[in-house]
Each structure stands twice: as structure tokens, then as C-alpha cells.
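# Close look at the chain arrangement
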Amino acid sequence: MGPTDARRRWMSVLAQASPAELEARWHDVEASPPHRVLRAPETGLVMVRARAGGTGMRFNVGEVTVTRCAVELEGGAVGVAYIRGRDRRHAELAALLDALLQDAARRDALERTVVAPLAAAQTARRRAAAERVAPSRVEFFTMVRGDD
Amino acid sequence: MRPGLADPTLDSQRVFRSVLEATSRPGRLVNLAAAIEPPPPLHPATAAVCLTLLDFDTPLWLDGEAARPEVVEWLRFHCGMPLTAEPAAAGFALIADSRTMPALGAFNDGTAEHPERSATVILQVGALIGGTGRRLTGPGIADHARLDVAGVPDGFWSWAADNHARFPRGVDVLLSAGRVIAALPRTTRVGD
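About the thresholds
Residues numbered from 1 in each chain as written. Chains lettered and ligands numbered in written order. Predicted model: local features only at pLDDT ≥ 70, side-chain atom pairs only at ≥ 80, totals over all residues. Axes fitted to C-alpha atoms, helices over the stretch in contact; angles between N-to-C directions. Helix = DSSP H or I, 4+ residues; strand = E, 2+ residues; numbered from the N terminus. Parallel < 35°, antiparallel > 145°, perpendicular 65-115°, else oblique. Left-handed = near helix turned anticlockwise from the far one by under 90°. Contact = placed C-beta atoms within 7 Å. Nonpolar A, V, L, I, M, F, W, Y, C, P; charged D, E, K, R; others polar. Pairing = 2+ DSSP bridges. Core = buried A, V, L, I, M, F, W, Y, C linked by C-beta atoms within 7 Å. Buried ≥ 20, exposed ≤ 12 C-beta atoms within 10 Å, placed from the backbone.

Residues and elements named next belong to chain A. Two elements in contact, helix H2 (residues 19-28) and helix H3 (residues 88-101), have axes separated by 10 Å at closest approach and are oriented at 45°. By the criterion of interaxial angle, the relationship of H2 to H3 is oblique. In the crossing of H2 with H3, the sense of the turn from one axis to the other is left-handed. Contact residues: H2 offers Pro19, Leu22, Glu23 and Trp26, while H3 offers Arg89, His90, Leu93 and Ala94. Broken down by class, the residue content of the contact of H2 with H3 amounts to five nonpolar, one polar and two charged.

See below:
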């Protein structure tokens, strides 16, 4: 997994974490590192596009509210976050953590104390939802009509 | 990397209002109040105008002095505009070193049917001095205005005269120095 893939993964985990969980994990990290805000949290709309199947035409599903933020640490690392919704604090924390995670000296500890627990919580939520709806699944099959 | 405008919404509205004021009163010096610390060699006024006017719809051409990596990174981060290497393809041109600038005729001057599709040239100069220098007349100027521009090549004023002669085609020039801007739109006649 290249550095871009690794960063993509933790940015995804941070963006999809629940703000309360993220805030709780943030308290385990040492006090807020010195940084400056390059782009204060701001909310806007992003058009989500999709295809109906691999050969389908691209169409606009709809607009989704997105909040983004960018911060720069003293060492020059720039952290960026785009999150769904309008929670400005969530975007700010995700951007700060993205910047901190780029520091190789701190990455392992942060992966262990912040990213891994958040990822586990998300997986558990996804599994719980899948188990909840699984009993209502309908299996479709085609009856073959015999010749005569 | 440096931050952009302190308040992206209100500051860019204020700067836009100032650009409007400068463009409707050619030759008048307008102060930009926006607090901004741009990467060198950009002056605060130049940078504030860029952050206000550029976005993903406006291909930008940069001169050699402005095309420094820090400047390009900063503008791309805050404006998200595409870059073009071809002066004639640019919606906006940013010239940080006015002494080596190309002729104004190098930029897109629109078409007879669509003169508004022409380029706007943001020209950072050494200094802008009002009340002295070239005599400017035309729309937006009651009698005449005088404007002196430091650090432009010898041919600049004849380029500006040619630019006016092409009306309705031609480019609009925004001059900036320090925290001050002045406009030289294509409607302005340049005298001695």
C-alpha cells in the first residue's frame, strides 16, 4: 500500500467517524498541536454522480452538504478534511489528525489510538446494519417451465 | 503555505467592490483594505484581486516571475483555477514582473460577437501615482485623469492605446502595487 493509499484510508476513516467518537479519541492525543488554519471550516454543496450499472449513463444523484477544512502544522505538513454534513468541529479535527498522521514518527501511535478504534467502530456499525436487514432479504430465482 | 483572505466571503466581496470601483473610474487609485500575507513576489493588492476573481472557470496564465512553485501552490489551493501556458488561451493573466511583460496584444481580445470573452490582465507594477503622468479620458472619467505607472516597459502606453483602438475588442488591465489598484480598461483613451 503506497503512502497515498494509506492517507486515503485514514482520511476516509476520519471523515466517516462519528463526531462524538472523534472528539473522544482526540482527547487521548496530546494537547492541540501548534498550527494555523489555511482554510477555516466552510460548508458547501457537492454534486454526487453515479451510473446505473457498468454500462449506464452517468447521472446526478443529488447534492450533498460537505464541510471542508485545511490546517498546516509548524513543520509544514498540510492536513485536509472533507466531511459529509455541517459539523465544523468534525472537519477541523479530521484535518488536524490528517496533518499529524503524515508525521512518520507519530503515525504508528495515532493509527493505534485513533484510526484503528474508529475503523473498528465503523465496521461494527456496518455489520450490525447488515445483520438487521439480512432476515428480510428475498432470494429471487426463475422457475424453469418444463416442455409440456 | 500561507492562508488566504481572513474572511473568504466578506473580504472577497469588499475586494470585488473595490475592483468595480477602480474599473468604473479608470485611473483612480483604490485602496484594498483586505489583510493578506501573500507569498512573494505577490503584493497584497495583487494577491487579494487574484483570490477574489479566480476560480475553476478562469484559466490563468502566469509570467515567469509569478510562476514560482510557492505562488502556484498557493493560488491553486485557494482558487482552484486551471493554468495555461498559452497567453492567448487565458481568461486572466497575472504578471508579477511588469518590466518583462509581453505586449497586451498577446492576450485574448475576444471576438467581435463576444468581446466579453477577452482576458483580464492583472499587472503588478513598481508604483502607481495619481494626479501626474499620462492623460486618461473616456467613460467613467469626468474630465480627465492622470496616472503614472512605474516599472512598465517603454512600449506599454502605446500597447494601451492600441488596445483602446481595437474596441469593442481588447483586454482590460488591472494595475496593482502594494495595497493599491487602478484600472485601465479598453474604453480608456491614453494621451500624453
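The strand order across the open sheet built from three strands is S6-S5-S9 (chain B), with neighbouring strands paired in antiparallel fashion. Each edge of the sheet is formed by a strand with only one pairing partner; in this case those strands are strand S6 (145-150) and strand S9 (189-190) of chain B.

Residues and elements named next belong to chain A. Pairing within the open sheet is antiparallel, and its three strands lie in the order S1-S2-S3. Looking along the sheet, the strands with just one partner apiece sit at the ends: strand S1 (35-51) and strand S3 (78-84). Strand-to-strand twist of the sheet, defined as the mean angle between neighbouring strand axes without regard to direction, takes the value 25°. Of the pairings in the sheet, the one linking strand S2 (residues 58-73) to S3 comprises seven bridges and is antiparallel in character. What sits directly across from Val66, in S3, is Arg84. Sitting on the sheet, H3 is in contact with S1, S2 and S3, with an inclination near 145° to S3.

Here we come to the nonpolar core. Within the largest apolar cluster, 57 residues are counted, with the highest numbers of intra-cluster contacts made by Val49, Ala93, Leu94, Val121, Ile122, Leu175 and Ile181 of chain B. The biggest single contributor to this core is helix H2 (residues 44-53) of chain B, with seven residues. For Val49 of chain B, the residues in contact, after removing those within four places along its chain, are Val15, Val19, Ile122, Leu174, Ser176 and Ile181 of chain B. In this structure, Val13, Leu38, Val71 and Ile83 of chain A belong to the second largest nonpolar core, which totals 24 residues.

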